[in-house]
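Secondary and tertiary structure notes
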Amino acid sequence: MYMAYGWPQVIPLEQGLCPTSEQIVYLKLVNRLLLVVAPSHLELWSCSQHKVRLGKYKRDADSIQREGENMKAVWSPDAKLIAVLTSSFFLHIFKVQFTEKKIQIGGKQPSGLFLATISLLLSEQVPFAKKDLTVSNIVSDNKHMLLGLSDGSLYTISWKGEFCGAFELDSPMHDSNKVSELSHSLDNGVSSRGAPGVVSTSTHNTSQQSAVIQLELSLLLRLLFVLYSDGQLVLCSVSKKGLKQSELIKAETRLGSGDSVCASIASEQQILAVGTRRGVVELYDLAESASLIRTVSLYDWGYSMDDTGPVSCIAWTPDNSAFAVGWKLRGLTVWSVSGCRLMSTIRQMGLSSVSSPVVKPNQDCKFEPMMGGTSLMQWDEYGYRLYAIEERCIERIVAFSFGKCCLNRGVSGTTYVRQVIYGEDRLLVVQSEDTDELKIFHLNLPVSYISQNWPVQHVVASKDGMYLAVAGLHGLILYDIRLKKWRMFGDISQEQKIQCNGLLWLGKIVVVCNYVDSSNTYELLFYPRYHLDQSSLLGRKTLLAKPMVMDVYQDYILVTYRPFDVHIFHVKLSGELTPSRTPDLQLSTVRELSIMTAKSHPSAMRFIPDQLPREYILKNHISSSSDLLAREPARCLILRVNGELSLLDLDDGRERELTDSVELFWVTCGQSEEKTNLIEEVSWLDYGHRGMQVWYPSPGVDPFKQEDFLQLDPELEFDREIYPLGLLPNAGVVVGVSQRMSFTSGTEFPCFEPSPQAQTILHCLLRHLLQRDKSEEALRLAQLSAEKPHFSHCLEWLLFTVFDAEISRQNSNKSQVSGPKGGGKFSLLEKTCDLIKNFPEYLDVVVSVARKTDGRHWANLFAAAGRSTELFEECFQRRWYRTAACYILVIAKLEGPAVSQYCALRLLQVNTCWQPLMNLYMN
């Protein structure tokens, strides 16, 4: 998850020699270096903590007049060579070399001090210069470059300046458009002409006269995508040797809806994003025969192609979990893979917007970034910055700062009590103690640490949420949220020896996955949270290889290596963990598994604690802290890179596929030591394009019985501009975050402010338990949350959703039921009312739901909830006169005017302030 924060930063570019084209040619970031190719010069910038121009190459006027302006460019994968094609078809190859001069941090830099030199190695006219052709962008591997020509052919050039010649692609073997269709519920847009969701089934062959306008290359997947000017997109296979063997580049499949204008590939996720002339982005699953997954657009936010224009560029984040979309006429937006809008520079219209209102014409100095459209975009290698260039702008680059959420992926742990978004030099911590009003505060890292170890790479919170462990390039630091104090290594030489590749909390111990540079090995280091020093090191464990994912539960640590080897360690601590004593820590291997599978690699794994039936616990007098309940987990969840979620049995290695298209998940059972865990009856939850899904424990002969195990509930879904961060088990809420923009006078750009949102899930969990005839569990869950500030709202929402579903069911069956079923199974509405009757909020909840529904259906509601006059009488006896007054309208509808007038008269006798009510019913 990526969320923008702060004001965009402007990086100024040098002025060129009055070029005729007002457009930056090329923007690329490799190894913390940003290359900008303008029509008349090249600039190389440092994109680390300090943005500094390291070098440049400026062409003179004679060179531009003789050989033309810079038109296309490409940077070699090793960042040593730059190839530039000019408008007069001259190929320039530049060499990048770094000097030994270093920037002094702090203070004014000497003028003219450049830490890199860009020198021209070769200048030669290409063979097709006189054929009056136009060219596409250039893609490359380590040995060769490839570009497309306007006659439909492709041309290969080596990095040594050798012109290898042109070749043409054969017609694709098949057309995937025939089977591409939208099958997911989060496609935004309408199904009409020119609207998203419509896939062309055109089968015409790619015309040889169509110009190649873009190439997209994935060396990892050995795929090349060729985009033609007529909107056709062709998928091609590439040999293991890359672009060298052009005869082995074969056209395989035609993709897209016939109006494609740009494409970008996420190699890790194997997803292709295709931008269209309609302003819509289509996502294709390359692992599943390039089938269409879903489309995303701004149609549901009130913006059409007339507002934004066609898509101009797409850029994936480094971890492939989100992508930025730039439009030709206006703005850019960042989306998650599941279709959640994470950030947008376009101001939202409408009263329900979380963004600021639309700018009034008389307001100056307040406008959107990328107001004139977006031409180029690039993420940095960590995903902390998105560099964008506005259409027809050659003067500057706009850099947007992004924070990432501590999601349960990779080799760092996760948390449910403390939600943290981390930026390159700070943490954005969600204050969740008061769930009625969540706030985010910025926690800046100590300058003494982050200046030497930029950027932040790993963040994990302790189980109770009171301690944060943060690791940068080297070492790590700890933050005590209660005392608001940082703890660091006292010896900087010890800090520099740690290259953290992952963090876990094991109770009061922080576990560091450390890379040892001298031996090229990985190890686990165990430090007590009260002292970071080599003298306090509790233990060290050398690992077999670099871990893919890690997890911890109580005293057990899970480590997974490639291709898919699972090792589980047990940690035994002998002695008390105090500053005055150093206990003995022993690590033993208790389980080893090798999973033989051809599936994609795991991106996250989590232990699933064993859940014993409550009856078994009571019968055997087992306490929640007993050794039996704390035994080694025998199952774990696996989330693979392609979004597939499965359950692994650690005893026999059996893996059960559960669902797909999952972006993140939370294991809730056994994760809270508090007795007020409101979601203990849930095994886990997951989030993806469908929204949130709930998974319940299913003990018995078949614990994987799908129809009882999984429940999908629309009520759990956030809006598609709110991304869920995590759970608060003790409050029964899901915490999400959305973008907000605020404008300040005198500033050119708005400030991006992540806004936390809380959504209760208690009513969903209660309804699911009642649906499964677990009334006792539902009552116990409700009693645990009775003191929560949102409890009354949850009960009301529970009754409303159940009653609304009952009305819908009756309408669909075209039969009206006026009372409870006799002698049969209780309806869900009756079970819901029976549950709420156990709480004093019942009287308020019933009449509140009645006021929110059509009076024609009140008979059904009060047949299950109780007679309206009896409920009025109970309110009257309790002296809840305001609630009693609300029942009078219901009584008039169900019992008649005479009864309602009598009730109104009784209220008037108690207090004359009810005179308007009496007048209403007496007349």
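Look a little higher up for the structure.
Summary of the structure given here. Keep in mind the model is a prediction, meaning the values are calculated, not measured. (Residues numbered from 1 in each chain as written. Predicted model: local features only at pLDDT ≥ 70, side-chain atom pairs only at ≥ 80, totals over all residues. Heavy atoms only, no water.)

Now for the overall build of the protein. Per the secondary structure count, the protein includes 16 helices and 56 strands. When burial is assessed residue by residue, the protein has 58% of its 923 residues classed as buried. Long-range contacts, defined here as pairs at least 24 residues apart, represent 56% of the contacts in the protein between residues at least 6 apart. Of the roughly 39,700 Å² that the protein leaves accessible, carbon and sulfur atoms contribute 49%. (Helix = DSSP H or I, 4+ residues; strand = E, 2+ residues; numbered from the N terminus. Buried < 20%, exposed > 50% of the residue type's maximum accessible area, 1.4 Å probe, protein only. Contact = heavy atoms within 4.5 Å. Areas by Shrake-Rupley, 256 points an atom, 1.4 Å probe, with all protein chains shown as cover.)

This paragraph deals with the sheet that holds strand S35 (residues 467-471). Strand-to-strand pairing in sheets goes through backbone hydrogen bonds, with the strands running parallel or antiparallel. Taken together, the four strands give an open sheet; going across it, the order is S34-S35-S36-S37, and neighbouring strands pair in antiparallel fashion. Every other strand in the sheet has two partners, leaving strand S34 (458-461) and strand S37 (485-487) as the edge strands with one partner each. Taken over all neighbouring pairs, the strand axes of this sheet differ in orientation by 20° on average, direction set aside. Examined bridge by bridge, strand S36 (residues 477-480) and S37 share three bridges and lie antiparallel to one another. When the bridges of S37 are listed, Leu 478 appears paired with Arg 487. (Pairing = 2+ DSSP bridges. Axes fitted to C-alpha atoms, helices over the stretch in contact; angles between N-to-C directions.)

A word on the packing of aromatic side chains. Counted by the stated rule, this structure contains 22 aromatic pairs. Relative to Phe 323, the ring of Trp 316 lies with its centre 5.0 Å away and its plane at 50°, an arrangement referred to as tilted. Residue Phe 323 is classed as buried on the basis of its relative accessible area, which comes to 0%. Seen from their ring centres, Tyr 384 and Tyr 422 are 6.4 Å apart, and the 75° between their planes marks the pair as edge-to-face. Of this pair, Tyr 384 sits in the loop between strand S28 (374-379) and strand S29 (385-390) while Tyr 422 sits in strand S31 (residues 420-422), placing them 38 residues apart in sequence. In this pair, the class of Tyr 384 matches that of Tyr 422, namely buried. By way of ring pairs, the aromatic residues Tyr 382, Tyr 384, Tyr 422 and Trp 454 are connected into one cluster. The ring centre of Tyr 384 lies 4.6 Å from the NZ or CZ of Lys 404, which sits over that ring. (Phe/Tyr/Trp six-rings, centres within 6.5 Å; stacked < 30°, edge-to-face > 60°. Lys NZ or Arg CZ within 6 Å of the ring centre and 35° of its normal.)

Before going further, it helps to examine the sheet that holds strand S21 (residues 271-276). Strand order in this open sheet of four strands is S20-S21-S22-S23, and the pairing throughout is antiparallel. Each edge of the open sheet carries a strand with a single partner, namely strand S20 (260-266) and strand S23 (291-296). Averaged over neighbouring strand pairs, the angle between their axes works out to 25° when direction is ignored. Sheet topology places S21 next to strand S22 (residues 281-285); five bridges connect them, and they run antiparallel. Bridge pairing in S22 places Ala 273 opposite Leu 283.

Attention shifts here to the pattern of salt bridges. A complete count under the given rule lists 29 salt bridges for this structure. Here Asp 551 makes a salt bridge to Arg 606, at a shortest N to O gap of 3.4 Å. Here Arg 606 lies in strand S46 (residues 602-608) and Asp 551 lies in strand S42 (residues 547-553), a separation of 55 residues in the sequence. Since its relative accessible area comes to 3%, Arg 606 is described here as buried. (Salt bridge = Lys/Arg side-chain N within 4 Å of Asp/Glu carboxyl O.)

Below, the discussion takes up the environment of Leu 795. Relative to the assigned elements, Leu 795 resides in helix H9 (residues 791-813). Spatially, the C-alpha atoms of Leu 795 and Leu 762 are 8.5 Å apart, while their sequence positions differ by 33 residues.

Moving on to the environment of Gln 269. Note on placement: Gln 269 falls in the loop between S20 and S21. Taking relative accessible area as the criterion, Gln 269 reaches 13% and is therefore assigned buried. In this structure the C-alpha to C-alpha distance between Gln 269 and Gly 643, which are 374 residues apart in sequence, comes to 8.4 Å. Polar side-chain contacts of Gln 269 include one of 3.5 Å to the backbone oxygen of Asn 320. (Polar contact = N/O pair within 3.5 Å; in protein donor to acceptor, adjacent residues only side chain to side chain.)

Moving on to the packing of helix H12 (residues 858-865) against helix H14 (residues 881-894). One can describe the packing of H12 onto H14 by two numbers: an axis separation of 11 Å at closest approach and a directional angle of 110°. Taken together, H12 and H14 sit at an angle that is classed as roughly perpendicular. The segment H12 lies against H14, with Trp 858, Ala 859 and Phe 862 engaging Tyr 887, Leu 889, Val 890, Lys 893 and Leu 894. Each residue belonging to the contact of H12 with H14 can be placed in one class, and the counts come to seven nonpolar, no polar and one charged. (Parallel < 35°, antiparallel > 145°, perpendicular 65-115°, else oblique. Nonpolar A, V, L, I, M, F, W, Y, C, P; charged D, E, K, R; others polar.)

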